[in-house]
Amino acid sequence: MLKFLSKVKLEFNSLDSRSAACLELLAQCNSRKAKDTNPSSLLEVKRRTDGNPPRINVTFVNGVEEVFDATTKSAQSIREMILKKGRLLETEQMFRDAGETWPVVIPEEELRIPAPGIKPRKAEEKKQICSDFGGIRFDRNLLDGTVPSNINNLTNLNELLLSNNKLQGSLPDFSRMASLNYVDMSNNSFNSSKVPSCMMENTNLQGPIPSSLFSLSQLQTVILSHNELSGTLAIATNYSSQLQLFNLQNNSISKFTPTTSYNFTLLLAGEPYCTGSGATGSYCTIQQQSNSSYSAPANNCVSATCSSGQTSSPNCKCAYPYTGTVFFRTASFSNSENSSYYVTLQDTLMQTFQNLSLPVDSVSISEVNKNSFDYLNMLLEMFPSGQVAFNETGITALGFVCSNQTYKPPLEYGPYVFIAQSYAGFEGLYCMSKSSNSGVIIGAVVGGLVLVILIVLLGLYAFKQKKRADTASEIPLSFGRWDANRRNSDIQLKGARWFSFEEIKKCTSDFSDANIIGAGGYGKVYKGVLADGEAVAIKRAQAGSLQGTVEFKTEIELLSRVHHKNLVNLVGFCSDLGEQMLVYEFLPNGTLMDSLSGKSGIHLDWIRRLSAGLGAARGLAFGVVMLELLTGRRPYEQGKYIVREVISAMNKTVDLYDLQGIMDPAIGSETKLVGFESGSIPSSKIEAL
């Protein structure tokens, strides 16, 4: 509709019940399909609050405007009027574009000229068309009247089915129809007449059966049951080689001479001949026509054992076949046990699929039977090529070929109908895909779990690191809460103060190497000058020597309480930004090792050394310091521990305990070591070292 319009204007009050047509037309104009026909068409909606009736104003593409009353017309009628006028305007524009005048005026004399008709065909053409019919099936249509006598002009007709109607009158003559091989005109009301050359049941036929009936060359099936046929049944010696069934049940045949020369099925049950004595042939028993047991055999292979839902193909491959039932309405053969018909059908099907490049590996026909309408039914299975199931494209192509009559079966089958079954392959592919993807899904789940575990571990690690950082950041706060005048402070210090990291950094010139005055396992010792001018020695712990907060507090408390003239006093500490530093008073004469090595310029004779050792003993304990004074070595030097060396070299029975070899030569061998005579040092003290 919008393709004819350049603008649509709707005016209505949405609360007005008369606006239904406007609302419906608005919905139609807003649909995507309508907008695609003319994207440039404008839609204008004016919502009113007054009581005026709704109105629809449209402008056609040629500029013509028209107003519609939306109160008296439905949206559908308005749409139809727009389409009608739009087509008229389109036609007008077409004429104008071609340079023709509009409106077109047709002269009155031309209106009186009869319209030219189709040229009639010649009689020969009509005859040719009629003779080309292969089958006529008008059964079960409630037809009445008589059968046209000129039906015998259909000389190429193979099948004629007019059964189960209300036909009357005389039967036509079929003698000229040499190609006729199947006729069914049963259950009608024809006039009583002699037997013609056809197959009819319950049609009031009477009289004897002519032997020439058996000689029709194309004749395959004869059904003349439930009539009034009488006399003697004689089978001609030259009967049709294609004759398969001759049904004369429930007539009045009184005489029959059995012969062993015929090879078709003869049914005479219910005849007077069969009720008399001596009639013992199988033709006198009631027989039911059996369905064909044909099933496509395997093509020189052993049928495969397939999983649920799959079927073994004639080529012994498991797959999901595309199946359906084929109904042949006018099959011209009667012997359904003849497998050659089905083999030919399979071959022609495969040839068609190959010519159309369809992915079909093989086809199978089975379950052949005839239904109540006398249709030949069979199950058709088409197997995929190179895969276990057809995809959607393949199913669509096969369904089109089979349902749209693209495939042309052999002539003896006639027209057909194909009714497909729902394709189980789609569900099978889904199950297979689901099964094949189970490993991927399990792997993905396991991978996801591993990833979650890693994320949790990383989170825990980050949490611990953050907690550690928070703890480190809280250290200065905990020390900052120290108050020397309060007994309930976090730590109890005497004569020591807390320094910030920035203070220590400033007084050591940013920890300059020029200010390093010593180093040990704990870390480096820097010389610094505080803001008040006091010189201090700052012992900075290295990364691997950091203590816990509690241990560090304990050490500070202990050092702040110890005061002795022979011990260096603790001035303060720093526990800021994760650092641990101790601030001592600075001794300008250097360390003990500086004096022992002579670096400080102070000579330590034995008396001085003994005095220093005793002083250290008074301040702390007699031990390693005394051995340092005695040997002039560090406690641990060149992989040798001084205590172990002294114990190994000591001999209590010799003067000076035989320690001359490890004594500091600076003491002098002439010096008398007062207080170091044999036996002056208790054995327990020596062992305690």
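Residues numbered from 1 in each chain as written. Predicted model: local features only at pLDDT ≥ 70, side-chain atom pairs only at ≥ 80, totals over all residues. Heavy atoms only, no water.

A.B. asks: Let's hear about the overall build of the protein: which residues, and what values?
C.D. replies: The helix and strand tally for the protein stands at 17 helices and 29 strands. Of the roughly 40000 Å² of accessible surface on the protein, a fraction of 53% belongs to carbon and sulfur atoms. (Helix = DSSP H or I, 4+ residues; strand = E, 2+ residues; numbered from the N terminus. Areas by Shrake-Rupley, 256 points an atom, 1.4 Å probe, with all protein chains shown as cover.)

A.B. asks: How would you explain the state of the cysteines if you had to name every residue and give the values?
C.D. replies: Taken as a whole, this structure holds 3 disulfides when the rule is applied. Across a sulfur-sulfur distance of 2.1 Å, Cys-274 and Cys-284 are joined as a disulfide pair. Linking Cys-274 and Cys-284, the disulfide has an S-S dihedral of approximately -75° and is accordingly described as left-handed. Within this pair, whereas Cys-274 is found in helix α6 (residues 272-275), its partner Cys-284 is found in the loop between α6 and β16 (311-312), the two being separated by 10 residues in sequence. Comparing Cys-274 with Cys-284, the two get one shared label, buried. Each sulfur in the disulfide pair Cys-306 and Cys-318 lies 1.9 Å from the other. Negative torsions about the S-S bond denote left-handed disulfides, and the value of about -90° found for Cys-306 with Cys-318 makes this one left-handed. (Disulfide = S-S within 2.5 Å. Buried < 20%, exposed > 50% of the residue type's maximum accessible area, 1.4 Å probe, protein only.)

A.B. asks: Residues and numbers for the pairing of strand β1 (residues 5-12), please.
C.D. replies: As paired strands, β1 and strand β3 (residues 55-60) are joined by 6 bridges and run antiparallel to one another. Residue pairing across strands places Val-8 opposite Val-58, the latter belonging to β3. Summarising the sheet, β1 and strand β2 (residues 42-47) pair through 6 bridges and their orientation is parallel. Bridging across to β2, Lys-7 finds its partner in Leu-42. (Pairing = 2+ DSSP bridges.)

A.B. asks: Which residues make up the confidence of the model for the protein, and what values go with them?
C.D. replies: Looking at the protein, the pLDDT average stands at 76 and 75% of residues meet or exceed 70. Across residues 475-489 the pLDDT falls below 50, and counting only partners more than four positions away or on other chains, this stretch makes 26 contacts in the model. Scored below 50 in pLDDT, residues 682-689 makes 9 contacts in the model with residues more than four places away or belonging to other chains. (pLDDT = per-residue confidence, 0-100. Contact = heavy atoms within 4.5 Å.)

A.B. asks: Break down the sheet that holds β1 for me, citing the residues and quoting the values.
C.D. replies: An order of β2-β1-β3-β4 is seen for the 4 strands of this open sheet, with the pairing classed as mixed. With partners counted over all chains shown, the strands left at the sheet margins are β2 and β4 (65-69), one partner each. Ignoring which end each strand starts from, the neighbouring axes of this sheet average 15° apart. Pairing geometry for β3 and β4, over 5 bridges, is antiparallel. Counterpart to Asn-57 in the pairing with β4 is Val-67. Strands in contact with helix α1 (residues 20-30) are β1, β2 and β3; relative to β1, the strand with the most contacts, it is inclined by about 145°. (Axes fitted to C-alpha atoms, helices over the stretch in contact; angles between N-to-C directions.)

A.B. asks: Give me the packing of aromatic side chains: which residues, what numbers.
C.D. replies: Evaluated as defined, the whole model comprises 10 aromatic pairs. Each residue in the set Tyr-322, Phe-390, Phe-418 and Tyr-423 is aromatic and connected to the rest through ring pairs, giving one cluster. Between Arg-540 and the ring centre of Phe-511, over which it is positioned, the NZ or CZ distance is 4.0 Å. (Phe/Tyr/Trp six-rings, centres within 6.5 Å; stacked < 30°, edge-to-face > 60°. Lys NZ or Arg CZ within 6 Å of the ring centre and 35° of its normal.)

A.B. asks: Would you mind going over a nonpolar patch on the surface in detail, with residue names and values included?
C.D. replies: Together, Ile-442, Val-446, Val-450, Val-452, Ile-453, Leu-454, Val-456, Leu-457 and Leu-460 make up an exposed nonpolar region whose accessible area comes to about 800 Å². When you line up the elements, Val-452 lands in helix α10 (residues 438-480). A relative accessible area of 46% places Val-452 in the partly exposed class. (Patch = residues over 30% accessible without salt bridge, like charges linked within 9 Å, V, L, I, M, F, W, Y side chains within 5 Å. Salt bridge = Lys/Arg side-chain N within 4 Å of Asp/Glu carboxyl O.)

A.B. asks: Pulling in residues and values, what's your account of the packing of α1 against helix α3 (residues 75-97)?
C.D. replies: Two numbers describe a pair of packed helices, the interaxial angle and the distance between the axes. Across the interface, α1 lies against α3 with an axial gap of 8 Å and an inter-helix angle of 55°. With respect to α3, the element α1 is oriented oblique. Note on element contacts: α3 touches α1 through Ala-75, Ile-78 and Arg-79, opposite Ala-21, Glu-24, Leu-25 and Gln-28. (Parallel < 35°, antiparallel > 145°, perpendicular 65-115°, else oblique.)

A.B. asks: With reference to specific residues and values, describe unusual backbone geometry.
C.D. replies: One non-glycine residue, Arg-140, lies in positive phi territory at about 60°. Relative to the elements of secondary structure, Arg-140 occurs in the loop between β5 (135-137) and β6 (144-146). With a phi angle near 65°, Gln-405 is a residue other than glycine that sits in the positive phi range. Following the sequence through the fold, Gln-405 ends up in the loop between α8 (392-403) and β21 (416-420). Classification of Gln-405 as partly exposed rests on a relative accessible area of 29%.

A.B. asks: For the environment of Leu-266, give the residues involved together with the corresponding values.
C.D. replies: Mapped onto the fold, Leu-266 is located in strand β15 (residues 265-267). Apart from the residues within four sequence positions on either side, Leu-266 is in contact with Leu-233, Ile-235, Phe-246, Phe-256 and Tyr-283.

A.B. asks: Report on the pattern of salt bridges, specifying residues and quantitative values.
C.D. replies: All told, the structure shown has 12 salt bridges when counted by the stated rule. One salt bridge in this structure joins Arg-48 and Glu-11, with 2.9 Å as the shortest N-O distance. With Arg-48 in the loop between β2 and β3 and Glu-11 in strand β1, the pair connects residues that are 37 residues apart, well separated along the chain. The exposure classification of Arg-48 matches that of Glu-11, with both residues buried. For Glu-11, the salt bridge identified is with Arg-55, shortest N-O distance 3.4 Å. Here the residue Glu-11 occupies a position in strand β1, and Arg-55 occupies one in strand β3, the gap between them amounting to 44 residues. The buried category is assigned to Glu-11, whose relative accessible area is 7%.

A.B. asks: Any chance you could break down the sheet that holds strand β7 (residues 159-161) for me, citing the residues and the numbers?
C.D. replies: Judged by pairing direction, the sheet is parallel, and its 3 strands sit side by side in the order β5-β7-β9 without closing on themselves. One side of each edge strand has no neighbouring strand; the edge strands of this open sheet are β5 and β9 (182-184). The mean inter-strand angle of the sheet, taken between neighbouring strand axes irrespective of direction, is 10°. Pairing of β5 with β7 involves 3 bridges; the strand directions are parallel. In the sheet register, Ile-136 faces β7, and the bridge partner there is Leu-160.

A.B. asks: I'd love a proper account of the nonpolar core, names of residues and values included.
C.D. replies: Phe-328, Phe-353, Met-378, Met-382 and Tyr-413 are the most contacted members of the largest nonpolar core, which has 34 residues in total. Among residues more than four places away in sequence, those in contact with Met-382 are Pro-321, Tyr-322, Phe-353, Ser-362, Val-363, Phe-390, Leu-398, Cys-402 and Phe-418. Among the nonpolar cores identified, the runner-up in size contains 23 residues, and Leu-2, Ala-34, Phe-68 and Ala-70 belong to it. (Core = buried A, V, L, I, M, F, W, Y, C linked by side-chain atoms within 4.5 Å.)

A.B. asks: Before we move on, can you summarise helix α7 (residues 340-355) with the specific residues and values?
C.D. replies: Taking 1.5 Å of rise per residue, 16 residues should cover 22 Å, and α7 covers 23 Å from first to last C-alpha, within 8% of that figure. Here the buried face of α7 lies against β18 (322-328), β19 (360-370), β20 (376-384) and α8. (Expected span 1.5 Å × (residues − 1).)

A.B. asks: Account for the environment of Trp-498, naming residues and giving values.
C.D. replies: Structurally, Trp-498 is set in strand β22 (residues 497-499). According to the relative accessible area criterion, Trp-498 is partly exposed, its value standing at 26%. The spacing of Trp-498 and Gly-572 is 74 residues in sequence and 5.6 Å in space, taken between C-alpha atoms.

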